[in-house]
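# Secondary and tertiary structure notes
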Amino acid sequence: MQLIYEQSVPGRRGVKLPASDVPAAPALPTPLLRKEAAGLAEVSELDLVRHFTNLSRRNFSVDTNFYPLGSCTMKYNAKVLENSAALFATFHPMTALLPGGVDFCQGTLGMLHDLGLLLAEITGMDEVTTQPLAGAHGEMTGIMLIAAYHAAKGNRAKKKYVVVPDSSHGTNPASAAIAGYEIITVPTAPYGDMDLELFKKAMTDEVAAVMMTCPNTLGLFNPHIKEISDIAHSHDALMYYDGANLNAIMGKVKPGDVGFDVIHVNLHKTFGTPHGGGGPGSGPVGVKKALIPFLPQPRIVKDAAGILQLETTNPGTIGRTANFFGNFGVMAKAYAYIIMLGGKGLIRVSEQAVLNANYIKERLKPYYDLPYDMTCMHECVFSASKQLAHGVHAIDIAKFLIDRGYHPPTVYFPMIVKEAIMIEPTETESKATMDAFIEVMIEAAKTAESNPQALLDAPLTMPISRLDETKAAREQNVCCAW
Amino acid sequence: MNDSHYCPHTPEEIAEMLSVIGVSGVEDLFAPIPAALRATTFNLPSGMSEFETHGRMQAIAGENSQGMINFIGGGFYDHLIPSVVDHLSGRSEFYTAYTPYQPECSQGTLQALFEYQTAICRLTGLDVSNASLYDGGTACAEAAMMALRITGRNKIVLDGCVSPFSRQVLKTYLFNLDVEIVEIAPQSGLLDRAGLAGVLDDSVAAVLVQNPNFFGSIEDFSVLADQVHGVGALLIGSVYPIALGMLKSPGEIGIDIAVGDGQSLGNPLSFGGPSFGFIAATKKYIRNMPGRIVGETVDRNGKRGYVLTLQAREQHIKRHKATSNICSNQGLCALRGLIFLSSVGKAGLADLARLNRDKAEYAKAQLAGIPGVSVLQSAVTFNEFTLVLPKKADQVVTALLEKGIAAGVPLGQYYAGSENALVVTVTEKRTKKEIDLFVRELEAALCN
């Protein structure tokens, strides 16, 4: 397809702007002006509409294809949420920061406050900040809160390390590094969880925090989680819960009840807001009481009269982590989702997410290696090791699925599973959809034996075949020349 | 009945699936969670239909005051959004997809992001852009961390005229790293150049400036760029994309890394988010860029296509040694930015910039005509300027809110000693009638 710039015709105009109703201002001094106008597209509105409509048709999406991308919780995004978020489009965030401005923003501030209470109940935490803009941003905020906690006790210099299991998301160590910590990585034991003995050895009084994803990225719930948090606490290390997999456990277990001190929640995963082709997300952070003094500001609090206020005078705060109150539009969708589903609805979400993952796991087990063969939570991780004997890799199975109209599962993550295929169906998929997917996965396994070349050649039905990623990295052509 | 929202299984199907798994009930699947750890309470509302939900959301939106006339900016701006932006970004093939890990079935998102990167490069006059960051504030922080990596130095100099929010975000990000931050206090709404020269030496990794700055002043940073480069440091410029329809581009100025907030490009105010941050740089710094980058390549048949590239910089490969912890971008907001820029177009963006300045200059002249009111800066301005009032700006702003006018951002809480200063923003959306009303109401408020 042509780029929008390749369709440009000099002098062609798109949207018409309003006429000016004021006198023209004198021109700025030439040294302050750009020499020539920015080379933006010059296309008609119809050409623009066709271009982006046709581009959209080159995407697989939840609304067009089953999208069992493990660790990403690609559930259906209810349409009413889009309508609800649009109600808030015209509210300027600065209004709330003006003197007396909160009186004019009680609806939006109240919603953020209520969302914090709901998330606190779901996760077992005492207070939630809605400021973090995405999951990784929440992780960074959370670890900074932990750093501030240790600093307040005079232990900042002593506490040098953050412990993560080797199955963790890459964002965990990357976020801890921004907060100034060195990383200790603990290997996974054959039973699928962080090796408890090695963990005990790694724990010293120099550890500031332990970051866990629970259920972990193998989809397994760590039965020793309470013991792990007790050990961490005995060294005055705090427990960080990566909320990426919260969709598995709502109403079943609360991270705050099992010893976690800080949690981030990915609203775009668990709470049904769309992923947007890579964002916007939203990553509110929940904390236990001991960490409330360090929360980002402005902090939304309810005064004795029930009026929402902005607290900006807390001396312990880590400061501001984003310009305003977080991704409000995303939070409006998540809030609507939670009040619509209610407690029973959320419990059912987790139950059926877990049911669906176990169903797929059982049905595919005869055809694919399952390195950790036990009851999983919301996702299951296979290995393409059987297929590798025929020269077929996980990526080849992924490409075969594309030809059959399925977005592939996550492949090559978690890194601890060779040729990993990580499947997360989510609760919103029907049995019929999963059965059809299972049949195609079985067909892929059989084709790997009978005609491996067919998998290596896939995909053949897309606008393009496999791309030369080395060439892209070498040439670094990241913008259309002008 | 309402419990089944978007969970499609019938009881028969559930029974069938349980028998395949070999357990008797769904609860058995939660057996790995020790009984002692199970939740004992779950005090949430009881749930409702989508219709009742939307009604509740309407009620919440109704608790905010409606139809406020905005003369406030401070990083988020009340701009026109062409209808095509909502309609095209509302294609669910875009908004219900995820990060394009599988390029063959994600060419829509990938090509759009490549076009977005191109738009940002052309707007900023720089060589490379990533696929977007979270917002303008975090983009400043990411740019500073990028400069620390590039130079191997550990000092950042901040122009105090940069948005206080962005400066606060940057300080939060850098707090735990071994970095010295030096702040140069503003001088009448402009960078204190002598003050800056006094701290500029070869220990500085980068200088962060903003154009137009938080006071609204436009400055020529070309000479500054030479001075900064003279000590081997980088110049980071936070810019306002609408103003780039008119103002000298960061590339022309000699800025090494340009950042900014993309809200003004087709993203609604939405009480502060989502928007997107952009970052662009000269080509030699590409391997130090944070976040996703889309690159052009060819497929097996030599056909052009797009992929996520240079991923060896990123957290999912490099973990704690990555250039940033960022995982997602703000894909849909960046797409809105691209559609906005492509709809307004090359000549249109220049027109839009002119319209903003025309409205602001008209308002500035009228407001400065009120007895006792003056304009702080001698410098030229774009669509924001700073008034000095004969009384505390806080009181005036509070009074005008009651009249349905958000009069501007009082500077007192951000700059000590500026209690009478008010930053006023006038975008193309403000009509002459609204501006005239504002002038009358401000005059009245000052008389009281």
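Residues numbered from 1 in each chain as written. Chains lettered and ligands numbered in written order. Predicted model: local features only at pLDDT ≥ 70, side-chain atom pairs only at ≥ 80, totals over all residues. Heavy atoms only, no water.

### Structural notes on the environment of Lys361 of chain A
All names here are of chain A. Among the structural elements, Lys361 can be located in helix α10 (residues 328–364). Separated by 19 residues in the primary sequence, Lys361 and Cys380 place their C-alpha atoms 6.2 Å from one another. Filtering out sequence-adjacent residues up to four positions away, Lys361 remains in contact with Leu370, Asp373, Met374, Thr375, Cys376, Cys380 and Phe382. Looking at Lys361, its side chain comes within polar contact range of the main-chain oxygen of Met374, at 3.3 Å. (Helix = DSSP H or I, 4+ residues; strand = E, 2+ residues; numbered from the N terminus. Contact = heavy atoms within 4.5 Å. Polar contact = N/O pair within 3.5 Å; in protein donor to acceptor, adjacent residues only side chain to side chain.)

### With respect to the pairing of strand β8 (residues 299–302) of chain A
All names here are of chain A. Two strands pair when backbone bridges link them, and β8 and strand β9 (residues 308–311) are joined in this way by 4 bridges, in the antiparallel orientation. Paired with Val301 across the bridge in β9 is Gln309. Between the end of β8 and the start of β9, which pair antiparallel, lie 5 residues, with Gly306 showing a positive phi angle near 85°. (Pairing = 2+ DSSP bridges.)

### A look at unusual backbone geometry
Apart from glycine, the bulk of residues carry a negative phi angle, and the bulk of peptide bonds sit in the trans form. The amide bond that connects Phe413 of chain A to the next residue, Pro414 of chain A, takes the cis arrangement and shows omega of 0°. Locating Pro414 of chain A in the fold gives a position in the loop between β11 (410–411) and β12 (420–423). In the segment running from Asn211 of chain B into Pro212 of chain B, the intervening peptide bond is cis, with an omega of -15°. Its place among the elements puts Pro212 of chain B in the loop between β5 (204–211) and α9 (222–230). Residue Thr426 of chain A is not a glycine yet carries a positive backbone phi of 70°. By the element assignment, Thr426 of chain A lies in the loop between β12 and α13 (431–450).

### Let's talk about the side chain of Thr141 of chain A
Here Thr141 of chain A is to be found in helix α5 (residues 135–152). Not counting residues up to four positions away in its chain, the partners in contact with Thr141 of chain A are Pro132, Val285, Pro296, Ile318 and Thr321 of chain A.

### Examining helix α13 (residues 393–401) of chain B
Residues of α13 of chain B that are buried include every one of Ala393, Val396, Val397, Leu400 and Leu401 of chain B, and no others. When α13 of chain B is viewed along its axis, its buried side chains cluster within an angular range of 135° and face the same direction. Here the buried face of α13 of chain B lies against α3 (94–97) of chain A together with β13 (405–406), β14 (409–410), β15 (421–425) and α14 (432–447) of chain B. (Buried < 20%, exposed > 50% of the residue type's maximum accessible area, 1.4 Å probe, protein only. Arc of directions from axis to C-beta.)

### Focus: the layout of surface pockets
Empty space within the largest pocket amounts to approximately 960 Å³. Considering the residues around the largest pocket, the lining is formed by 43 residues, among which Thr410 and Phe413 of chain A together with Tyr101, Arg292 and His316 of chain B are closest to the centre. Contributing elements (two or more residues each) for the lining of the largest pocket: α5, α9 (267–270), α12 (394–403) and β11 of chain A together with β10 (304–308) and α11 (315–318) of chain B. Across the lining of the largest pocket, the residue classes tally to 20 nonpolar, 15 polar and 8 charged. What the second largest pocket holds in volume is close to 740 Å³. Taken together, 34 residues form the lining of the second largest pocket, with Glu82 and Ala86 of chain A together with Asp86, Pro268 and Arg336 of chain B sitting closest to its centre. (1 Å grid on protein atoms, 1.4 Å probe; cavity = no way out; pocket = protein on both sides within 12 Å on 5 of 7 lines; lining within 4 Å. Points joined across faces, edges and corners; volume = space filled by probe spheres on them. Nonpolar A, V, L, I, M, F, W, Y, C, P; charged D, E, K, R; others polar.)

### Some words on the side chain of Thr428 of chain A
You can see Thr428 of chain A is positioned in the loop between β12 and α13. There is a polar contact of 3.1 Å between the side chain of Thr428 of chain A and the backbone nitrogen of Tyr76 of chain A. At a separation of 3.2 Å, a polar atom in the side chain of Thr428 of chain A contacts the side chain of Thr426 of chain A. With residues near it in sequence (within four places) discarded, Thr428 of chain A still touches Lys75 and Tyr76 of chain A together with Tyr6 and Pro8 of chain B.

### Quick notes on empty space enclosed by the protein
All names here are of chain B. Counted by the stated rule, this structure contains 9 cavities of 30 Å³ or more. Space inside the largest cavity adds up to approximately 250 Å³. Considering the residues around the largest cavity, the lining is formed by 21 residues, among which Gly75, Tyr77, Gln210, Ser238 and Val239 are closest to the centre. Elements supplying a minimum of two residues to the lining of the largest cavity: β5, β6 (234–239) and β7 (257–261). Of the residues that constitute the lining of the largest cavity, the class distribution is 6 nonpolar, 13 polar and 2 charged. In this structure, the lining of the largest cavity is formed jointly by two domains, domain 2 (69–76 + 347–447) and domain 3 (83–340), each of which donates at least three residues. (Domains from an automatic or database assignment.)

### Some thoughts on the domain arrangement of chain B
Interfaces are often sized by the accessible area lost when the parts come together. The domains assigned to chain B are domain 1 (2–62), domain 2 (69–76 + 347–447) and domain 3 (83–340). Placing a centre on the C-alpha atoms of domain 1 of chain B and another on those of domain 2 of chain B gives a separation of 51 Å.

### Re the interface of chain A and chain B
Contacts between the two partners involve 208 residues from chain A and, on the opposite side, 191 residues from chain B. A combined buried area of about 17,100 Å² lies between chain A and chain B, and 64% of that area is made up of carbon and sulfur atoms. Three residues stand out in chain A for area buried against chain B, namely Arg34, Phe104 and Val478 of chain A, and they jointly supply 5% of the buried area on that side. The interface formed by chain A and chain B includes 6 salt bridges. In this assembly, chain A and chain B are joined by 90 residue pairs in polar contact (both at pLDDT 80 or more). The element contributing the most residues to the side of chain A that touches chain B is α10 of chain A, with 27 residues. In the side of chain A that touches chain B, the residues fall into 118 nonpolar, 55 polar and 35 charged. (Buried area = accessible area lost by both parts, 1.4 Å probe. Salt bridge = Lys/Arg side-chain N within 4 Å of Asp/Glu carboxyl O.)

### Let's talk about the nonpolar core
Among the nonpolar cores identified, the biggest contains 167 residues, and Phe199, Phe271, Leu346 and Ile421 of chain A together with Leu367 and Leu442 of chain B are the most heavily contacted of them. Looking at which element gives the most residues to this core, the answer is α10 of chain A, with 20 residues. Not counting chain neighbours up to four residues away, the residues in contact with Ile421 of chain A comprise Tyr368, Cys380, Val381, Phe382, Ala384, Ala394, Ile397, Pro409, Thr410, Val411 and Met441 of chain A. Membership of the second largest hydrophobic core comes to 77 residues, among which are Phe94, Met246, Leu349 and Leu352 of chain B. (Core = buried A, V, L, I, M, F, W, Y, C linked by side-chain atoms within 4.5 Å.)

### Section: the sheet that holds strand β1 (residues 127–129) of chain A
All names here are of chain A. The 7 strands are arranged β1-β7-β6-β5-β4-β2-β3 in an open sheet whose pairing can be described as mixed. Edge strands, defined here as strands with exactly one partner in the open sheet, are β1 and β3 (182–186). In this sheet, adjacent strand axes meet at a mean angle of 25° when their direction is disregarded. The pairing of strand β5 (residues 238–243) with strand β6 (residues 262–265) spans 4 bridges and is classified as parallel. Bridged to Tyr241 within β6 is Ile263. The sheet strands contacting helix α6 (residues 171–178) are β2 (161–165), β3, β4 (207–213) and β5, and the helix crosses β4 at an angle near 155°. (Axes fitted to C-alpha atoms, helices over the stretch in contact; angles between N-to-C directions.)

### What to know about the pattern of salt bridges
The tally for this structure, following the rule as stated, stands at 43 salt bridges over all chains. Among the salt bridges present, the one from Asp63 of chain A reaches Lys79 of chain A, with a minimum N-O distance of 2.6 Å. Here Lys79 of chain A lies in helix α2 (residues 79–86) and Asp63 of chain A lies in the loop between α1 (45–56) and α2, a separation of 16 residues in the sequence. Overlapping salt bridges bring together Arg363, Lys431, Asp435 and Glu439 of chain A together with Glu16 of chain B as one network.

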